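Residues per chain are reported as follows:
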Amino acid sequence: MIPTSFILILSAIIFTIGAVGVLVRRNALIIFMSVEMMLNSVNLTLVALANQWGNLTGQIFAFIVIAVAAVEVAVGLAIIIAIVRHKDTTNIDEVHLLKG
Amino acid sequence: MSFLSFVILAFLALLTALGVILSKNAVYSALSLLAHFLVIALLYFELSAQFLGIVQVIVYAGAVVVLFLFVIMLIGGTITPVSHKSRTHARIGASVLGALFLLGLMVVLFAGLPSGGAPVGAPDAGSVQAVAGPLYTTYLLPFELASVLLLAGMLGGIVLALKERKSVKTKD
């Protein structure tokens, strides 16, 4: 058995990679993928702590997070499609007008 | 989980995570994301969360990445090249901010690491039967609310992505 702290450190690094991806990339799709990666790393933390304490609450929390992330992907990709249809770009630097 | 399998999985997870944010082509990013989700699913299995591992494969690898690929194919994977000169400063700033953020996370982590010794998770702690118990009793309300959320998300996705028709037939 490896210590839970290793997994917590791993998920912290993955979270940071996702955050840097959100900051660096300008393509809305890749920013979205980075957000998914960050959600996933938090799920990994929840599962690791559920394993640490022998308590299933963390796993159920992660399950709910997966459901919410699935909804978020569906709505977010629909918004990206609407933006592309309207402005013909996925570069978020060009989508800066609130009135669209 | 043996130490060797953890090291291999952690290395693969970091490699695929970097592949997502460093690929030039959005399709390669999506495929790296697929590999990343599969590696995380293997980590779930190693952490005796079998049910969540399966859910991860079905929902993330099966549905989310396929949806991403559909959208990339729909709007075209070609990414308009951005001027590199203006982006260099932002890139350096983002990397510095990321390093600082990671440092802060590590400080918090090492200050509050669980000192409970070895993990106590039982081998079948994450089986379908074990997860279903609390999910349908203690946490029934969030579970039902998630179904309402899924319905709302489905309707929202359809409304947002539906192509506007120029000529709407009105019955009157």
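Residues numbered from 1 in each chain as written. Chains lettered and ligands numbered in written order. Predicted model: local features only at pLDDT ≥ 70, side-chain atom pairs only at ≥ 80, totals over all residues.

(A) Broad picture of the overall build of chain B. Tallying secondary structure elements over chain B gives six helices and zero strands in all. Helices and strands appear in chain B in the N-to-C order α-α-α-α-α-α. The buried share of chain B, taken over its 172 residues, is 24%. Long-range pairs, those at least 24 residues apart, make up 57% of the contacts in chain B with a sequence separation of at least 6. (Helix = DSSP H or I, 4+ residues; strand = E, 2+ residues; numbered from the N terminus. Buried ≥ 20, exposed ≤ 12 C-beta atoms within 10 Å, placed from the backbone. Contact = placed C-beta atoms within 7 Å.)

(B) Layout of the nonpolar core. If you look at the biggest cluster of nonpolar residues, it comprises 64 residues, and the most contacted ones within it are L29(A), M33(A), V47(A) and F68(B). Listing elements by their share of this core, those giving two or more residues are helix 1 (4-24), helix 2 (28-53) and helix 3 (57-87) of chain A together with helix 1 (3-22), helix 2 (26-46) and helix 3 (50-75) of chain B. Not counting chain neighbours up to four residues away, the residues in contact with M33(A) comprise V20(B), S29(B), A30(B), L33(B) and F68(B). (Core = buried A, V, L, I, M, F, W, Y, C linked by C-beta atoms within 7 Å.)

(C) Structural context of the interface of chain B and chain A. Listed by partner, the interface residues are 71 residues for chain B and 59 residues for chain A. Of the residues forming the side of chain B that touches chain A, the biggest block, 11 residues, is contributed by helix 3 of chain B. The residue makeup of the side of chain B that touches chain A, split by class, is 58 nonpolar, 12 polar and one charged. (Nonpolar A, V, L, I, M, F, W, Y, C, P; charged D, E, K, R; others polar.)

Read these as layout, nothing more, since geometry by itself doesn't imply function.
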